[in-house]
Amino acid sequence: MAKLLEGKPIAQGLKESLKYQVQCLNIKPVLASIQVGENAGAVSYVKSQRQAAENLGIVYQMYKLADEITKEELVSFIQELNSDTSVHGIIIQMPLPSRIDYKSLSQFILPEKDAEGIHPVNIGKILFGQSKVLPCTPAAVMELLKETGIDLYGKEVVVVGHSEIVGKPLALLLLDKFATVTICHIGTSQAGKLEEHVRQAEVLIVAVGKAGLIKGEWIKDSAVVIDVGINRIGDKIVGDVEFEEAAKRASWITPVPGGVGPLTVVMLMRNVVEAAKL
Ligand code: NAD
C-alpha cells in the first residue's frame, strides 16, 4: 500500500524558511494581483494567495479591473506595475475574458517580476538550468519528488500532459536531474499508446484534467505517482488517476486534494521572495 505524499507538511517547512528569508530582507516584498471582472473562478485562489502572502510578511495588493477592459489597457496597466519599484511580483488571475489571450499577456510582465515563472525568458532559462523563478506547479512537483527521497538519475519518468505551464517545463526540470523522460499527451492517447507508456513509469506525473484517465491497474509496482489533475465531480474534487487501485501498487501517491495544490501557492511566494531579493 502506497505512502501518502501530502503537500501540507512540506509546504509548512518551506513557509517557515520563506518567513525567515522575508524577515532578513529590509523591505516588505509586494505581490500585485490583477483580476479582471468579478471572476468567480479566481475567488478561492485569491483567498489562499492572500492568506499565504500575509502569513509570510508579503504584501498582497489586489487590483480589480473592469470586465470590459481591452487587452491594450490591460497591457498598459501591467507596464505601470512593471515600472513601480515598490512592486516585486505580478500575477494575473485566471480565467480571463475569452477575448484576452493569457499566453500573449505573460510576456508583458517583466521577467524579474514574473511571480508565476511563466515568462518566455524564465521558461527559456530552465533549458540552461539557470532559472531562479520556476513555474509554480512544476516546482511543486519537484518538491514532492524530493520528499520521497527518490534519485531521479536514469529513472523512467512519464509525464502525462504537455501544457506550457505544467508538462513541458516539468519535463525540462526532470531532464536536469538526468531522468529518462517520456511526455504523453492527447496524441499519445489517440494513438492508443497511453497505457503502454504509463505501465513503464517508475515515476508517473499526470496533469490533464480528466477524472479516471489513468487506470489504477496500469501503475507499475512501487511507482511514485503524482496527480496534478483537478476535476470536480458533484461536490467532490478528484485527480486524473484512479486513486484506490493505484494506491495498492504505488510506493508513494499524492492525494487530490491535498497533494500538489498546497505547495503551488508556496512556490508562488518563493518566486516573490526571490524577486524581492533582487
Ligand atoms: P491543459 O488543458 O493546458 O493541458 C492538458 C494536457 O492534457 C494537454 O497536454 C493535453 O494534450 C493533455 N490531454 C488531454 N486529454 C488527454 C488524454 N485523453 N490523454 C492524454 N493526455 C491528454 O491543462 P493544464 O493547465 O496543464 O492543467 C492540467 C490539470 O492540472 C488540470 O486538471 C488543472 O486543473 C490541473 N492543475 C492543477 C494545479 C495544482 O496546483 N494542483 C495547477 C495547475 C493545473
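Calculation criteria
- Residues numbered from 1 in each chain as written.
- Predicted model: local features only at pLDDT ≥ 70, side-chain atom pairs only at ≥ 80, totals over all residues.
- Heavy atoms only, no water.
- Near = heavy atom within 4 Å.
- Polar contact = N/O pair within 3.5 Å; in protein donor to acceptor, adjacent residues only side chain to side chain.
- Areas by Shrake-Rupley, 256 points an atom, 1.4 Å probe, with all protein chains shown as cover.
- Helix = DSSP H or I, 4+ residues; strand = E, 2+ residues; numbered from the N terminus.
- 1 Å grid on protein atoms, 1.4 Å probe; cavity = no way out; pocket = protein on both sides within 12 Å on 5 of 7 lines; lining within 4 Å.
- Points joined across faces, edges and corners; volume = space filled by probe spheres on them.
- Nonpolar A, V, L, I, M, F, W, Y, C, P; charged D, E, K, R; others polar.

Considerations on the site of the ligand
Part 1: Around the ligand sit 21 residues, and of these His 162, Ser 163, Ser 189, Ile 230 and Thr 264 come closest.
Part 2: At a separation of 2.6 Å, a nitrogen atom of the ligand approaches a polar side-chain atom of Ser 189.
Part 3: Measuring from an oxygen atom of the ligand, one finds a backbone N or O atom of Ile 230 at 3.0 Å.
Part 4: In the complex, the protein chains occlude 74% of the 860 Å² of accessible area that the ligand would expose alone.
Part 5: Those elements that place two or more of their residues in the shell around the ligand are helix H8 (186–190) and helix H11 (261–277).

Observations concerning the environment of Gly 149
Part 1: Relative to the helices and strands, Gly 149 resides in the loop between helix H6 (136–148) and strand E5 (156–160).
Part 2: In the structure, Gly 149 is positioned 58 residues away from Ala 207 in sequence and 22 Å away in space, judged by C-alpha atoms.

So, the layout of surface pockets
Part 1: Considered as a void within the structure, the largest pocket measures approximately 1,800 Å³ in volume.
Part 2: Along the walls of the largest pocket sit 50 residues, with Tyr 45, Thr 137, Ile 230, Gly 261 and Thr 264 positioned nearest its centre.
Part 3: Sorting the residues of the lining of the largest pocket by element identifies helix H1 (7–24), helix H2 (43–56), strand E4 (89–92), helix H4 (102–105), helix H5 (120–127), H6 and H11 as the ones contributing at least two each.
Part 4: The element that contributes the greatest number of residues to the lining of the largest pocket is H2, accounting for seven residues.
Part 5: Estimates place the volume of the second largest pocket at around 360 Å³.
Part 6: What lines the second largest pocket is a set of 16 residues, and nearest its centre among them are Leu 134, Met 142, Lys 146, Leu 173 and Lys 177.
Part 7: Elements represented by at least two residues in the lining of the second largest pocket include exactly H6 and helix H7 (167–176).
Part 8: Sorting elements by how many residues they give to the lining of the second largest pocket places H6 first, with five residues.
Part 9: Across the lining of the second largest pocket, the residue classes break down as eight nonpolar, three polar and five charged.

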